[in-house]
Amino acid sequence: DKAPLSKSLLLVPSAISILLTLLFQHYQKFFAYNLQAVKEDFQIWRLVCGRTICLDLKDTFCSSLLIYNFRIFERRYGSRKFSSFLLGAWMLSALFDLLLVEITQYIFGITINSLPSGFLGPVFALFVPFYSSIPRVQVTQVLGHFSITNKSLVYILGLQLLTSGSYIWILALSGLISGICYNNSILKVHRILCVPRWVAKIFSWTLEPVFSSAEPTNEVRVGMGATVDIQRQQRMELLDRQIMMSQVAQMRRQRQQQGGMINWNRLFPPLRHRHNANYQDHRPSEQGTPPPSEVSEEQVARLMEMGFSRGDALEALRASNNDLNVATNFLLQH
């Protein structure tokens, strides 16, 4: 749901990989990531074919699971920004692959003629925003010392993919470097290596209806946690949403009667600072409310790319003090 690009990356390369492995093995040579053919015979097309489809089913399985877990970034950033990140990481990792191979040969004297095939560079690049922007929540402890968090399974999958073949560490390292460059906007690569708006619109009109999914309505959202603590946390989150929804509906009715807009600043502080003494009884004083801060147009544009209106984006950013993650999560939930 709300991640058509992730769904296409999950289904199409996996299906082609299975077909090449089971039925069309004589065509696998066209998808081999042969660096010697690229450098000596100038077969540049291998940089495209060899870095898209996995020829090892273990790599296909692990990378598909990782793409499924990383679909949260498409929901958070929008399909256009997410595809721009993947495109930038894919192109940068191709350059770093060649550089790392040359460095390995120069320092250690190891000649590497081919690397594992597949969409592995961008997959490893996604670990950078995953590490920096996804909060770490402890689930349980093993032997009283080793913490198991909500991110542990993803790291284990990445480790499994890292150890699945020889020289795959080069793809992992190049992917991480490209992810750091793109995520931190080094040399403004995010402005150079991006998907144009008109291209995003074309794919939105043609491919998104094919891979888009309706929001599930029969999913049981409460009591599905593996532990009592997770179930309690899920119920508390559901209760918070219900409280916020009721307050939003109440404020909307009041504003409709008064002919004005909803003042989100009166709604956010009681919920975000529930245990703060400045917001006792969930009724912040009007005199202590700080003036609305300036809103970044770049963040407004990011929210509008996700499909939200400009008015909702402005109100959410002002209410969250220009915190893009908080504003995005609120708008997605409401």
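First, a word on what this report is: a plain description of the structure on this page. Just so you know, these numbers come straight off a predicted model, no measurement behind them. (Residues numbered from 1 in each chain as written. Predicted model: local features only at pLDDT ≥ 70, side-chain atom pairs only at ≥ 80, totals over all residues. Heavy atoms only, no water.)

A tally of regular secondary structure across the chain gives 18 helices and four strands. Expressed as a percentage of its 334 residues, the buried residues of the chain come to 36%. Of the contacts made within the chain by residues no fewer than 6 positions apart, 68% connect residues no fewer than 24 positions apart. As displayed, the chain has an accessible area near 19,900 Å², and 60% of this comes from carbon and sulfur atoms. (Helix = DSSP H or I, 4+ residues; strand = E, 2+ residues; numbered from the N terminus. Buried < 20%, exposed > 50% of the residue type's maximum accessible area, 1.4 Å probe, protein only. Contact = heavy atoms within 4.5 Å. Areas by Shrake-Rupley, 256 points an atom, 1.4 Å probe, with all protein chains shown as cover.)

Here we take up the packing of aromatic side chains. Evaluated as defined, the whole model comprises 11 aromatic pairs. Arranged with centres 5.8 Å apart and planes meeting at 25°, the rings of Phe73 and Tyr77 form a pair that is stacked. Separated by four residues within a single helix, Phe73 and Tyr77 lie in helix H5 (residues 71–77), roughly one turn from each other. Between Phe127 and Phe130, the aromatic rings sit 6.5 Å apart at their centres with planes inclined by 85°, giving edge-to-face as the arrangement. Separated by three residues within a single helix, Phe127 and Phe130 lie in helix H8 (residues 127–133), roughly one turn from each other. One aromatic cluster is present, formed by Phe70, Phe73, Tyr77, Phe124, Phe127, Phe130 and Tyr155 through successive ring pairs. Between Arg71 and the ring centre of Tyr68, over which it is positioned, the NZ or CZ distance is 4.0 Å. Lying over the aromatic face of Tyr77, Lys81 brings its terminal NZ or CZ to 4.5 Å of the ring centre. (Phe/Tyr/Trp six-rings, centres within 6.5 Å; stacked < 30°, edge-to-face > 60°. Lys NZ or Arg CZ within 6 Å of the ring centre and 35° of its normal.)

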